[in-house]
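# Examining the three-dimensional arrangement
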Amino acid sequence: MSATDLHHLLRSLRVWAPGVTRLPAFDPETAPSAPLPLFTTWFAEAVDAGQPEPHTMSLATAGEDGNPDVRIVMLHGADSDGWSFATHATSRKGRQLDARPYAALVFYWPVLGRQVRLRGPVTQSPPEEGQADLHARSTGALAAALTGQQSEVLPSVAELREASEAAWEQARLDPATPAPTWTLYRLRPDEVEFFQGDAERRHVRLIYRRADGRWIRELLWP
């Protein structure tokens, strides 16, 4: 495909097409005083609306050089301690969080024209919490955690297949097998923004900012 073909393809696409996306009204005056209750409501509504994989989110970090990096990860929970996700502490994102323990998260639920953005410091949970979280998940999740050295150079696909098969066998034989570097992280947000799309492009952006132990709510221009 040429650059021209790509341009034409991009121009043919629509955002929030009728019949695919429903744009519900959002009155920020009715929003709760803290972001977590609104997030849980929006998350449940995304699930009810049929949003595929609503628990996936973009995680942005920065390394020692200050350059940004981003990837998709899975939400493991959200409570008063923060929004949680997991990875190997020795992975690229794990090393970046060790060097700069501050990150951003973005959820995008296009079936409702909604985004939720968070920024804040990240901490590691105690190792026993990370292992308990891992072992509460599927056999496949444990096998993936036991496979290879995440983010390291892979010599061949055959080596991945061999390591994965061994990890799957171990996970089936012993579902309590520890994955020592697997770590549960929590982002405690300083800011949480809720974006509701509008058909007339009068999008609603409500941001919560933490200040002196409480949340301040403000509207932003779209």
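In this text, all values refer to a predicted model and were calculated from it rather than measured experimentally. (Residues numbered from 1 in each chain as written. Predicted model: local features only at pLDDT ≥ 70, side-chain atom pairs only at ≥ 80, totals over all residues. Heavy atoms only, no water.)

## Here we look at the nonpolar core
In this structure, Leu 38, Phe 39, Phe 85, Phe 107, Val 116, Leu 118 and Phe 194 are the most contacted members of the largest nonpolar core, which totals 28 residues. Looking at this core, the elements with two or more residues in it are α2 (35–48), β1 (56–62), β4 (82–88), β5 (102–109), β6 (114–124), β7 (182–187), β8 (191–196) and β9 (204–211). Listed in part, the 10 residues of the second largest apolar core include Leu 134, Leu 142, Ala 171 and Trp 182. (Core = buried A, V, L, I, M, F, W, Y, C linked by side-chain atoms within 4.5 Å. Buried < 20%, exposed > 50% of the residue type's maximum accessible area, 1.4 Å probe, protein only. Helix = DSSP H or I, 4+ residues; strand = E, 2+ residues; numbered from the N terminus.)

## Points about the pairing of β5
Each regular strand carries side chains that alternate between the two faces of the sheet. Of the two faces of β5, the one holding Ala 103, Leu 105, Phe 107 and Trp 109 is buried and the one holding Tyr 102, Ala 104, Val 106 and Tyr 108 is not buried anywhere. Pairing geometry for β1 and β5, over three bridges, is antiparallel. Note that in β5 the partner of Leu 59 across the bridge is Leu 105. Relative to β6, β5 is paired through eight bridges, and the arrangement is antiparallel. (Pairing = 2+ DSSP bridges.)

## Quick look at the packing of aromatic side chains
Describing an aromatic ring pair means giving the distance of the ring centres and the angle of the ring planes. Tallying each qualifying case throughout the model produces 12 aromatic pairs. Ring centres of Phe 194 and Tyr 208 lie 5.8 Å apart, and the angle between their planes is 75 degrees; on these two criteria the pair is classed as edge-to-face. In this pair, Phe 194 sits in strand β8 while Tyr 208 sits in strand β9, placing the two residues 14 residues apart along the sequence. Three or more aromatic residues joined by ring pairs make a cluster, and in this case those are Phe 26, Trp 42, Phe 194, Tyr 208 and Trp 215. (Phe/Tyr/Trp six-rings, centres within 6.5 Å; stacked < 30°, edge-to-face > 60°.)

## Things to note about a nonpolar patch on the surface
Taken together, the side chains of Met 1, Leu 6, Leu 9, Leu 10 and Leu 13 make up a nonpolar region of the molecular surface, amounting to roughly 550 Å² of accessible area. Within the secondary structure layout, Met 1 lies in the segment before α1 (3–12). Accessibility expressed as a relative area gives 76% for Met 1, which makes it exposed. (Patch = residues over 30% accessible without salt bridge, like charges linked within 9 Å, V, L, I, M, F, W, Y side chains within 5 Å. Areas by Shrake-Rupley, 256 points an atom, 1.4 Å probe, with all protein chains shown as cover. Salt bridge = Lys/Arg side-chain N within 4 Å of Asp/Glu carboxyl O.)

## Focus: the pairing of β9
Strand direction decides the pairing type here: β8 and β9, joined by six bridges, are antiparallel. Its bridge partner lying in β9, Phe 194 is registered against Leu 206. Sheet topology places β9 next to strand β10 (residues 214–220); seven bridges connect them, and they run antiparallel. From the neighbouring strand, Tyr 208 faces β10, where its bridge partner is Arg 217.

## A short note on the packing of helix α5 (residues 139–146) against helix α6 (residues 157–173)
Running from N to C, α5 and α6 cross one another at 130 degrees; their axes reach a closest spacing of 8 Å. By the angle class used here, α5 and α6 are oblique. By crossing handedness, the relation of α5 to α6 is classed as right-handed. For the pair formed by α5 and α6, the contact residues are Thr 139, Gly 140, Leu 142, Ala 143 and Leu 146 on the first element and Ala 167, Trp 168, Gln 170, Ala 171 and Arg 172 on the second. Grouping the constituent residues of the contact of α5 with α6 by class yields six nonpolar, three polar and one charged. (Axes fitted to C-alpha atoms, helices over the stretch in contact; angles between N-to-C directions. Parallel < 35°, antiparallel > 145°, perpendicular 65-115°, else oblique. Left-handed = near helix turned anticlockwise from the far one by under 90°. Contact = heavy atoms within 4.5 Å. Nonpolar A, V, L, I, M, F, W, Y, C, P; charged D, E, K, R; others polar.)

## Some remarks on the environment of Ala 99
Inspection of the secondary structure assignment puts Ala 99 in helix α3 (residues 92–99). Taking the relative accessible area as the measure of exposure, Ala 99 reaches 34% and is therefore partly exposed. For the pair Ala 99 and Pro 54, spaced 45 residues apart in the sequence, the C-alpha separation amounts to 29 Å.

## Things to note about the side chain of Lys 93
Structurally, Lys 93 is set in helix α3. No salt bridge forms around the buried Lys 93; measuring N to O, its nearest opposite-charge neighbour Asp 69 is 8.9 Å away. For Lys 93, the contacting residues outside a window of four places in its chain are Leu 59, Arg 71, Val 73, Thr 87 and Gln 150. (Lys, Arg positive; Asp, Glu negative; His and termini not counted.)

## Points about the pattern of salt bridges
By the definition in use, this model includes 11 salt bridges. Between Arg 95 and Glu 152 there is a salt bridge, and its shortest N-O distance comes to 3.6 Å. Here Arg 95, found in helix α3, pairs with Glu 152, found in the loop between α5 and α6; they are 57 residues apart in sequence, far enough to count as distant. Take Arg 95: its relative accessible area is 40%, and that puts it in the partly exposed class. Taking the relative accessible area as the measure of exposure, Glu 152 reaches 47% and is therefore partly exposed. Notably, a salt bridge pairs Glu 193 with Arg 205, separated by 2.7 Å at the nearest N-O pair. Residue Glu 193 is located in strand β8, and its partner Arg 205 is located in strand β9; the two are separated by 12 residues in the primary sequence. Take Glu 193 and Arg 205: they sit in the same class, and that class is buried. Taken together, the shared-partner salt bridges connect Arg 119, Glu 191, Arg 209 and Glu 218 into one network.

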